[in-house]
Number of protein chains: 2
Amino acid sequence: MAAEHVEKVFDVLLGRRSVRKFTDQPVGMDDLRRILEAGRWAPSGLNNQPWRFLVVRPGDARQETMAGLTKYGHIVRNAQALVVVLLHKPTMYHEGKDHQAAGACIQNMLLAIHALGLGGVWIGEIINQEKDVLEALHLGSENFRLMAVIALGHPLHPFEARADGSARRPLEELLVEAL
Amino acid sequence: MAAEHVEKVFDVLLGRRSVRKFTDQPVGMDDLRRILEAGRWAPSGLNNQPWRFLVVRPGDARQETMAGLTKYGHIVRNAQALVVVLLHKPTMYHEGKDHQAAGACIQNMLLAIHALGLGGVWIGEIINQEKDVLEALHLGSENFRLMAVIALGHPLHPFEARADGSARRPLEELLVEAL
């Protein structure tokens, strides 16, 4: 890959941030499909691909129901699409590794969202209300585990990587031994 | 981002595959640092950044020790770098979400490896021998959880996305409801 393209990929890997406010411009179906495709190509243990997706869009009464099931309801309510990320229980093989796979899948989708000029946020808090969410979505808890909801849309504010609450620990703090 | 750059990012998101055979060309320190930087910028619940890294390179006796602790020893032995990905127990706040964060972090590193023209593979099987691995690395199990080992290097064979064992389910199978 040409050097300039490598830099663009790193811009996406290092520059993606949570976006929580969206315009009322709809998210196109083509973009939505590309985002899900990115999730589909994530790696998983034994390539079991335990993830499943459910997309909720404006006009679907379940958006408001879900907004009522998280303290981030204002984000869910204003999103132009919600990607509900699930694990398919019969496909799971290892509690920890399947959760890791879900994380890789979600990250691929967040990177795709950012690359497309859209914005999104990984809502994890909502899984504390897993039972109610699954019920609202008419999904049997014998078949599904709720992993996260990705709320997305066109960013309300021009995007800029911020050095605020989304800061990261310096690499040296993360290295158990110096390189 | 210009359309051609968006396409390159998607090439990376959709085109990354596991690479298990490496040349004996070393992985440069600059590349290694960029890969870890990509991991550092992954998202995590409450931005707790529970991940920690330990890098093992050729010449370090622990590479052979670790090779003996997984059935993928031949891959570990021939890698030009191993990134041991850990969770820092005192930083963890939620079993499932911290595992998801580790997955997002690993995926960012795998994408960085691929973007740089290197190849890598996520070895999850080795965590079945977590206790022995932590011991070999002189890491206290009161402080660390083993998440995975990423083995990487320059690909022995020219890279091509394959339609073999790394195939994926069609998107329609992953959608709980049609789009």
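Above this text is the structure in question.
The following paragraphs examine the structure supplied in this document. (Residues numbered from 1 in each chain as written. Chains lettered and ligands numbered in written order. Predicted model: local features only at pLDDT ≥ 70, side-chain atom pairs only at ≥ 80, totals over all residues. Heavy atoms only, no water.)

1. Focus on the environment of glutamate 7 of chain B
The condition that has to hold: Helix numbers and strand numbers start at the N terminus; a helix is a DSSP run of H or I with at least 4 residues, a strand a run of E with at least 2. Type-normalised accessible area, obtained with a 1.4 Å probe on protein chains alone, sets the label of each residue: buried when under 20%, exposed when over 50%, and partly exposed for intermediate values. For this analysis, a polar contact is any N or O atom pair within 3.5 Å, provided that within protein one partner can donate a hydrogen and the other can accept it, and provided that sequence-adjacent residues contribute only side-chain to side-chain pairs.
Structurally, glutamate 7 of chain B is set in helix H1 (residues 3-15). We classify glutamate 7 of chain B as partly exposed; its relative accessible area is 37%. Linking glutamate 7 of chain B and glutamine 100 of chain B, residues 93 residues apart in sequence, is a C-alpha distance of 27 Å. At a separation of 3.0 Å, a polar atom in the side chain of glutamate 7 of chain B contacts the side chain of arginine 34 of chain A.

2. Regarding the sheet that holds strand S1 (residues 51-56) of chain A
All names here are of chain A. The cut-off we apply is this: Only strands joined by at least two bridges in the DSSP assignment are considered to pair. An axis is simply a line fitted to the C-alpha atoms; with a helix, the fit covers only the stretch in contact. Between two such axes, the angle follows the N-to-C directions and lies from 0 to 180 degrees. Two residues form a contact once any of their heavy atoms are found within 4.5 Å.
Across the sheet, which stays open at both edges, the four strands sit in the order S1-S2-S4-S3 with antiparallel pairing between neighbours. Each having just a single partner strand, S1 and strand S3 (119-123) make up the two edges of the open sheet. Between one strand axis and the next, the sheet turns by 25 degrees as a mean value, whatever way the strands run. The sheet contact formed by S3 and strand S4 (residues 144-153) spans five bridges and is antiparallel. In the strand pairing of S4, glycine 119 is matched with glycine 153. Sheet strands touched by helix H5 (residues 95-115): S1, strand S2 (81-88), S3 and S4. Its angle to S4, the strand with the most contacts, is close to 15 degrees.

3. Structural notes on the interface of chain B and chain A
To keep it simple, the criterion reads: Using a 1.4 Å probe, buried area is obtained as the accessible area two parts lose upon being combined, added over both of them. Whenever a carboxyl oxygen of Asp or Glu lies within 4 Å of a side-chain nitrogen of Lys or Arg, that contact is scored as a salt bridge.
Between chain B and chain A, the contact holds 72 residues from the first and 72 residues from the second. Interface of chain B and chain A: buried area, both sides summed, is about 6,600 Å²; carbon and sulfur atoms make up 61% of it. Joining chain B to chain A, the criterion identifies six salt bridges. Across the salt bridge formed by arginine 33 of chain A and glutamate 172 of chain B, the nearest N and O atoms sit 3.2 Å from each other. For the pair chain B and chain A, the interface holds 35 residue pairs in polar contact (both at pLDDT 80 or more).

4. Comments concerning the side chain of glutamine 80 of chain A
Residue and element names in this part refer to chain A. Relative to the elements of secondary structure, glutamine 80 occurs in the loop between helix H4 (73-78) and S2. The class of glutamine 80 is buried, set by a relative accessible area of 12%. With near-sequence residues (within four places) excluded, glutamine 80 lies in contact with Thr23, Asp24, Gln25, Pro26, Val27, Arg57, Pro58, Leu152 and Gly153.

5. Here we look at helix H5 (residues 95-115) of chain B
All names here are of chain B. The line we're drawing: One less than the residue count of a helix, multiplied by 1.5 Å, gives the span that helix is expected to have.
For H5, with 21 residues, the first-to-last C-alpha span of 31 Å sits near the 30 Å given by 1.5 Å per residue. The buried fraction of H5 amounts to 20 of the 21 residues, a majority that puts the element mostly inside the structure. Just beyond H5, the residue with positive phi is glycine 117, at close to 85 degrees.

6. Observations regarding unusual backbone geometry
Residues and elements named next belong to chain A. Phi is positive for asparagine 47, which is not a glycine, with a value near 50 degrees. Tracing the backbone shows asparagine 47 in the loop between helix H2 (29-40) and S1. In the Ramachandran plot, glutamine 49 falls in the positive-phi region, its phi being about 45 degrees despite a non-glycine side chain. As for its position among the elements, glutamine 49 is in the loop between H2 and S1.

Don't take any of this as a statement about function, it's just geometry.
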